[in-house]
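Examination of the molecular architecture
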Amino acid sequence: MQSDIVTTWLGMVGPGVDQTGIDSTTWSDHTDIRPTMMTLLGLKDDYSHDGRTLVEDLTGYAQPSAVKKSSSFVALAQIYKQLDACVGQFGLKTLSISTTALESNSSGDNTYTNLESALSKFGTQRDALASQMISLLEGAELNVQPFSDSQAQSLISQGQTLLNQVNNL
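Residues numbered from 1 in each chain as written. Predicted model: local features only at pLDDT ≥ 70, side-chain atom pairs only at ≥ 80, totals over all residues. Heavy atoms only, no water.

What about the overall build of the protein chain?
From N to C terminus, the protein chain includes seven helices and zero strands. Mapped from its N terminus to its C terminus, the protein chain presents α and β elements in the order α-α-α-α-α-α-α. For the protein chain, the spread of C-alpha atoms along the principal axes amounts to about 60 × 35 × 25 Å. Scored against the burial criterion, the 169 residues of the protein chain give a buried share of 40%. Taking all contacts inside the protein chain whose residues are at least 6 apart in sequence as the whole, residues at least 24 apart take part in 68%. Taken as a whole, the protein chain presents about 9,700 Å² of accessible surface, with 51% of it coming from carbon and sulfur. One way to put it: in the protein chain the 9 positive side-chain charges average out to a point 6 Å from where the 18 negative ones average out. (Helix = DSSP H or I, 4+ residues; strand = E, 2+ residues; numbered from the N terminus. Buried < 20%, exposed > 50% of the residue type's maximum accessible area, 1.4 Å probe, protein only. Contact = heavy atoms within 4.5 Å. Areas by Shrake-Rupley, 256 points an atom, 1.4 Å probe, with all protein chains shown as cover. Lys, Arg positive; Asp, Glu negative; His and termini not counted. Charge placed at Lys NZ, Arg CZ, Asp CG, Glu CD.)

Comments concerning a nonpolar patch on the surface
A contiguous nonpolar surface patch, about 300 Å² in accessible area, is contributed by Met37, Leu41 and Leu43. Looking at the secondary structure, you find leucine 43 in the loop between helix H2 (33-41) and helix H3 (65-68). Classification of leucine 43 by relative accessible area gives partly exposed; the value is 44%. (Patch = residues over 30% accessible without salt bridge, like charges linked within 9 Å, V, L, I, M, F, W, Y side chains within 5 Å. Salt bridge = Lys/Arg side-chain N within 4 Å of Asp/Glu carboxyl O.)

Looking at the packing of aromatic side chains
Enumeration according to the criterion identifies one aromatic pair in this entry. Ring geometry for phenylalanine 73 versus phenylalanine 147: centroids 6.3 Å apart, planes at 25°, classification stacked. A residue pair is termed long-range when its members are at least 10 positions apart, and phenylalanine 73 in helix H4 (residues 73-84) and phenylalanine 147 in the loop between helix H6 (110-142) and helix H7 (149-168) qualify at 74 residues. Among the residues examined, phenylalanine 147 registers a relative accessible area of 7% and is labelled buried. (Phe/Tyr/Trp six-rings, centres within 6.5 Å; stacked < 30°, edge-to-face > 60°.)

Side note on the packing of helix H5 (residues 89-103) against H7
H7 packs onto H5 with a crossing angle of 25° between their chain directions and a minimal axis gap of 9 Å. The orientation of H5 relative to H7 falls into the category roughly parallel. In this structure, H5 crosses over H7, and the sense of that crossing is left-handed. Between H5 and H7, the residues in contact are Gln89, Phe90, Lys93, Thr94 and Ile97 and Leu162, Leu163, Val166 and Asn167, respectively. (Axes fitted to C-alpha atoms, helices over the stretch in contact; angles between N-to-C directions. Parallel < 35°, antiparallel > 145°, perpendicular 65-115°, else oblique. Left-handed = near helix turned anticlockwise from the far one by under 90°.)

Describing the pattern of salt bridges
In this structure the tally under the stated criterion is five salt bridges. One salt bridge in this structure joins aspartate 45 and arginine 34, with 2.4 Å as the shortest N-O distance. Here aspartate 45, found in the loop between H2 and H3, pairs with arginine 34, found in helix H2; they are 11 residues apart in sequence, far enough to count as distant. According to the relative accessible area criterion, aspartate 45 is partly exposed, its value standing at 36%.

Describing the confidence of the model for the protein chain
A low pLDDT score tells you not to read the predicted coordinates there in detail. When the pLDDT values of the protein chain are averaged, the result is 90; 99% of them are 70 or greater. Least confident of the elements in the protein chain is helix H1 (residues 3-6), whose mean pLDDT is 72; most confident is H7, at 97. (pLDDT = per-residue confidence, 0-100.)

Here you go:
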């Protein structure tokens, strides 16, 4: 992966945007731009987002009330991105594992078969988990539906467990 290709630059300015300057700590990708703009502009639609609102860079009225009520929103959003983004931890590690599977030369393609089977299971687990996560995130960002910290912590824990399993394969 080349950082020039996968690095997304976004400039935000105006009411509701934090004025601290360059933020090099918020991990995001292009899918986060649309939900962030929708939140800033107070717009809603029925489009399902893959990204999340970059609330770390919003202040005052621009931060949805349901987000303000949750101490776990940012942590849930961050683990979601690591699971769902192409160049998140999950995407990069599974790419590496798949490459190892393709390069293997084991008898009967056992290495390939075993690794690809494991990746398929991980993918199914990730899809189900990411779906639950984005549902909570979108509800809080766009529909003023707060979620409990215990809900978020459960999903965060499941997400971290899945990342650990992938990293240990």
